Amino acid sequence: MDVQAYLDRIGYAGVPRVDLQTLTDLHRLHLQAIPYESLDVMLGVRPSIDPAAAYEKIVRRRRGGWCYEMNGLLGAMLREIGFEVTEMAGAVLRADRGPITHGNHLLLRVDLDRPYIADMGFGDGMIEPAPLAPGAFQRRGFNFRIEELHEDGWIRFHNHAFGGAAYFDFQNQPADRAQLSTTSDWLSSSPDSVFTQTALAFRHGDGVVTGLLGRTLNRIRPDGRTTHLIASEAELVEVLAREFGLDLPEAARLWPAICAKHDELFAAPATS
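Residues numbered from 1 in each chain as written. Predicted model: local features only at pLDDT ≥ 70, side-chain atom pairs only at ≥ 80, totals over all residues. Heavy atoms only, no water.

**A closer look at the overall build of the protein chain**
Inclusion rule: Numbering of helices and strands runs from the N terminus, with a helix taken as a DSSP run of H or I at least four residues long and a strand as a DSSP run of E at least two residues long. When we talk radius of gyration, it's over C-alpha atoms, and the globule rule is simply 2.2 Å times the number of residues to the 0.38. Every residue pair with non-hydrogen atoms within 4.5 Å of one another is taken to be in contact. Residue-level accessible areas treat just the shown protein chains as cover; the underlying method is Shrake-Rupley with a 1.4 Å probe.
Of the regular secondary structure elements, the protein chain holds 10 helices and 13 strands. For 272 residues, the compact-globule estimate of 2.2 N^0.38 gives 19 Å, and the C-alpha radius of gyration of the protein chain, at 18 Å, lies within 12% of that figure. Within the protein chain, contacts between residues at least 6 apart in sequence are counted, and of these 57% link residues at least 24 apart. Summed over all atoms, the accessible surface of the protein chain reaches about 11,500 Å², with 49% contributed by carbon and sulfur.

In structure tokens, the structure reads:
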């Protein structure tokens, strides 16, 4: 894995150093250049949790990725630069859905003057890292909060008010990679997984996140969101290219499945 090729991919032009400014710049530029996306799952390709596979996909083939790929790649690149990085397992919506959520998210702890959370894989989450400490904080106008739950060491990350998923829980300890692999396999193969049922993609801008949820294209800003209902498979392919930098004409064959599940998964009506 070539660090310079990764830096070129995200548009980082400086000399990376082991400091908070570099971490912040890499985090922001990665999310602005590379979309979160789980389209491989719907296309029948099972993603790997191996950072080398994520590098091949994201850097060489210029695709995006989901949490295991996005954070796996960032963690590998940070280590190559010299950062101290720990992978941690998250549990999205754990209080609502129970133990089945354990390991359904991957995030990073980066230790500098203090521990920081870095997370490229929560879709419409934070664009820049944050201290791993209880309290509210803001990133590019969006409000977030970290809460200690005092329950077997669990910590909760609260997403901003217009986020697709409201929160995830995690423990401040190294992830069990066997658990991550098992959960990744389930998420990419089970008919009960949202990732096998519909298309999801997100890309960050300055003060806005563009999100694809099924047929709905969202513009998410700190003060609200606007939505547009995609009308056809041709428009879906065009939106993936224009908004997310994804050249995926094969996504057209996913259109019937996306339409069939859209109203069930995303009940709120969409308007242009």
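**Side note on the environment of Leu112**
With respect to the helices, strands and loops of the structure, Leu112 is situated in the loop between β3 (105-111) and β4 (115-118). For Leu112 and Lys57, which are 55 residues apart along the polypeptide, the C-alpha to C-alpha distance reads 29 Å.

**Some details on the sheet that holds strand β12 (residues 216-221)**
Across a sheet, paired strands are connected by hydrogen bonds in the backbone, their directions being either parallel or antiparallel. Note the following rule: The pairing criterion for strands is at least two bridges between them, as found by DSSP.
Overall, antiparallel pairing links the five strands, which are arranged β1-β10-β11-β12-β13 in an open sheet. Strands with a single pairing partner mark the edges of an open sheet, and in this sheet they are β1 (36-37) and β13 (224-229). The pairing of strand β11 (residues 209-213) with β12 spans five bridges and is antiparallel. Across the sheet, the residue bridging to Leu213 is Thr216, located in β12.

**Re the packing of helix α2 (residues 20-33) against helix α5 (residues 67-81)**
Note the threshold: Here an angle of 0 to 180 degrees is reported between the N-to-C directions of two axes, which are lines fitted to C-alpha atoms, with helices fitted over the stretch in contact. Crossing handedness follows the turn of the near helix against the far one: under a right angle anticlockwise gives a left-handed crossing, and clockwise gives a right-handed one. Under the scheme applied here, ten amino acids are nonpolar (Ala, Val, Leu, Ile, Met, Phe, Trp, Tyr, Cys and Pro), four are charged (Asp, Glu, Lys and Arg), and all others, including Gly, are polar.
Axis separation between α2 and α5 bottoms out at 12 Å; the angle between their running directions is 145 degrees. Considering only the axes of α2 and α5, their crossing is right-handed. When α2 is examined against α5, the residues Leu23, Leu26, His27, His30 and Leu31 are found in contact with a partner set consisting of Met70, Leu73, Leu74, Leu78 and Ile81. Here the residues of the contact of α2 with α5 sort into eight nonpolar, two polar and no charged.

**What about the sheet that holds β4?**
If you trace the eight strands from one edge of the open sheet to the other, you get β5-β4-β3-β2-β9-β8-β7-β6, paired in antiparallel fashion. The sheet is open, and its two borders are formed by β5 (130-131) and β6 (135-139), each paired with just one other strand. Sheet topology note: the strand β7 (residues 142-148)/strand β8 (residues 154-158) ladder contains four bridges and is antiparallel. By the bridge assignment for β8, Glu148 is matched with Ile155.

**Looking at the nonpolar core**
The test is simple: What makes a nonpolar core is a set of buried Ala, Val, Leu, Ile, Met, Phe, Trp, Tyr and Cys residues whose side-chain atoms join them at distances within 4.5 Å. The cut-offs for exposure are 20% and 50% of the maximum accessible area for each residue type, with area from a 1.4 Å probe on protein chains only; residues under the lower value are buried, those over the upper are exposed, and the others partly exposed.
If you look at the biggest cluster of nonpolar residues, it comprises 67 residues, and the most contacted ones within it are Tyr6, Ile10, Tyr68, Leu73, Leu78, Phe157 and Phe170. Among the elements that line this core, the one with the most residues is α5, at nine residues. Apart from the residues within four sequence positions on either side, Leu78 is in contact with Leu23, Leu26, Phe83, Val85 and Val110. Counting residues in hydrophobic clusters, the runner-up holds 18 residues, among them Leu39, Leu212, Phe244 and Ile258.

**Some remarks on the side chain of Asn218**
Counting through the fold element by element, Asn218 comes out in strand β12. Beyond its immediate sequence surroundings of up to four residues, Asn218 is in contact with Val209, Thr210, Gly211, Leu213, Arg225, Thr226 and Thr227.

**Re the pairing of β8**
The buried fraction of β8 is high, at five of five residues. Both faces of β8 are covered, namely the face carrying Trp154, Arg156 and His158 and the face carrying Ile155 and Phe157. Strand direction decides the pairing type here: β8 and strand β9 (residues 167-171), joined by five bridges, are antiparallel. Of the residues in β9, the one forming a bridge with His158 is Tyr167.

**Remarks on the packing of aromatic side chains**
As a reminder, the rule being used: The aromatic pairing rule takes the rings of Phe, Tyr and Trp, using the six-membered ring of Trp, and pairs them if the centres are within 6.5 Å, calling planes under 30 degrees apart stacked, those over 60 edge-to-face and the rest tilted. Either the NZ atom of lysine or the CZ atom of arginine qualifies as a charge over a ring when it sits within 6 Å of the ring centre and within 35 degrees of the ring normal.
Taken as a whole and judged by the stated rule, the model has 10 aromatic pairs. Ring centres of Phe122 and Phe168 lie 4.9 Å apart, and the angle between their planes is 75 degrees; on these two criteria the pair is classed as edge-to-face. Separated by 46 residues along the polypeptide, Phe122 in the loop between β4 and β5 and Phe168 in strand β9 bring together distant segments of the chain. In this structure, Phe122 and Phe168 share a single accessibility class: buried. With a centroid separation of 5.9 Å and 50 degrees between ring planes, the pair formed by Phe168 and Phe170 is classed as tilted. Cluster of aromatic residues (ring-pair linked, three or more members): Phe122, Phe137, Phe144, Phe157, Phe168 and Phe170. Cation over ring: Arg94 sits above Trp154, and NZ or CZ is 4.0 Å from the ring centre. One cation-aromatic arrangement involves Arg156 over Tyr167; the distance from NZ or CZ to the ring centre is 4.3 Å.

**A look at unusual backbone geometry**
Backbone geometry at Arg140 places phi at a positive 55 degrees, although glycine is not the residue there. The residue Arg140 is located in the loop between β6 and β7 in this model. On the basis of relative accessibility, which here comes to 34%, the residue Arg140 falls in the partly exposed class. A positive phi is found at His150, a non-glycine position, where the angle reads about 55 degrees. In this fold, His150 is placed in the loop between β7 and β8.

What is shown is where atoms sit, not what they do.
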